[in-house]
Amino acid sequence: MATQQTYTVTGMTCAHCVGSVDAEVRRLPGVTDVRVDLPSGAVTVTSDQPLDDTAVAAAVDEAGYELVPRS
Ligand code: 9UX
């Protein structure tokens, strides 16, 4: 069963930033699609496994940006 989650990422300012985040998040196990909206920082991740928010945050950090924690 596919699951989808939208995260907010800060620090992205250009298309290359978007590409970096996309590439890192896509490496996570189960991820089948990543959509990034640059103006809002919304990153929507589709996965066929339950998403591990900590792993997503680590991938975003690896790309050089920051995931806004959800309350
Ligand atoms: Mo260029 Mo996007 O340094 O950060 S990749 S603005």
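Residues numbered from 1 in each chain as written. Predicted model: local features only at pLDDT ≥ 70, side-chain atom pairs only at ≥ 80, totals over all residues. Heavy atoms only, no water.

- Under an unreviewed UniProt entry, the name given to the protein is Copper ion binding protein, and the organism recorded is Actinoplanes philippinensis.

A look at the nonpolar core
Phase 1 of the analysis: In terms of nonpolar packing, the biggest core is built from 18 residues, with Val-9, Met-12, Val-21, Val-25, Val-43, Val-60 and Tyr-65 touching the most fellow members.
Phase 2 of the analysis: When contributions to this core are tallied by element, the ones reaching two or more residues are strand 1 (3-10), helix 1 (15-26), strand 2 (31-37), strand 3 (42-47) and helix 2 (53-63).
Phase 3 of the analysis: Not counting the four nearest positions on each side in its chain, Val-43 is found in contact with Gln-5, Thr-6, Tyr-7, Val-9, Met-12, Val-21, Val-34, Arg-35 and Val-36. (Core = buried A, V, L, I, M, F, W, Y, C linked by side-chain atoms within 4.5 Å. Buried < 20%, exposed > 50% of the residue type's maximum accessible area, 1.4 Å probe, protein only. Helix = DSSP H or I, 4+ residues; strand = E, 2+ residues; numbered from the N terminus. Contact = heavy atoms within 4.5 Å.)

Notes on the confidence of the model for the protein
Phase 1 of the analysis: Summary statistics for the protein give a mean pLDDT of 96 and a share of 99% for residues scoring 70 or more.
Phase 2 of the analysis: In the predicted complex, the global pTM is 0.94; the interface-specific ipTM is 0.85. (pLDDT = per-residue confidence, 0-100.)

Some details on the site of the ligand
Phase 1 of the analysis: Every residue close to the ligand is listed here: Thr-13, Cys-14, His-16, Cys-17 and Tyr-65.
Phase 2 of the analysis: Within the side chain of Tyr-65, one N or O atom sits 3.4 Å away from an oxygen atom of the ligand.
Phase 3 of the analysis: Tallied by class, the residues present in the shell around the ligand amount to three nonpolar, two polar and no charged. (Near = heavy atom within 4 Å. Polar contact = N/O pair within 3.5 Å; in protein donor to acceptor, adjacent residues only side chain to side chain. Nonpolar A, V, L, I, M, F, W, Y, C, P; charged D, E, K, R; others polar.)

Topic: the pattern of salt bridges
Phase 1 of the analysis: Applying the stated criterion to the full structure yields four salt bridges.
Phase 2 of the analysis: We note a salt bridge from Asp-22 to Arg-26, for which the minimum N-O separation is 2.6 Å. Note that Asp-22 and Arg-26 are positioned in helix 1 at a spacing of four residues, about one turn of the helix.
Phase 3 of the analysis: Across the pair Arg-35 and Asp-33 runs a salt bridge whose closest N-O atoms are separated by 2.9 Å.
Phase 4 of the analysis: Assessed through its relative accessible area of 53%, Arg-35 is described here as exposed.
Phase 5 of the analysis: Each member of the salt-bridge network shares a partner with another, and the members are Asp-22, Arg-26, Asp-33 and Arg-35. (Salt bridge = Lys/Arg side-chain N within 4 Å of Asp/Glu carboxyl O.)

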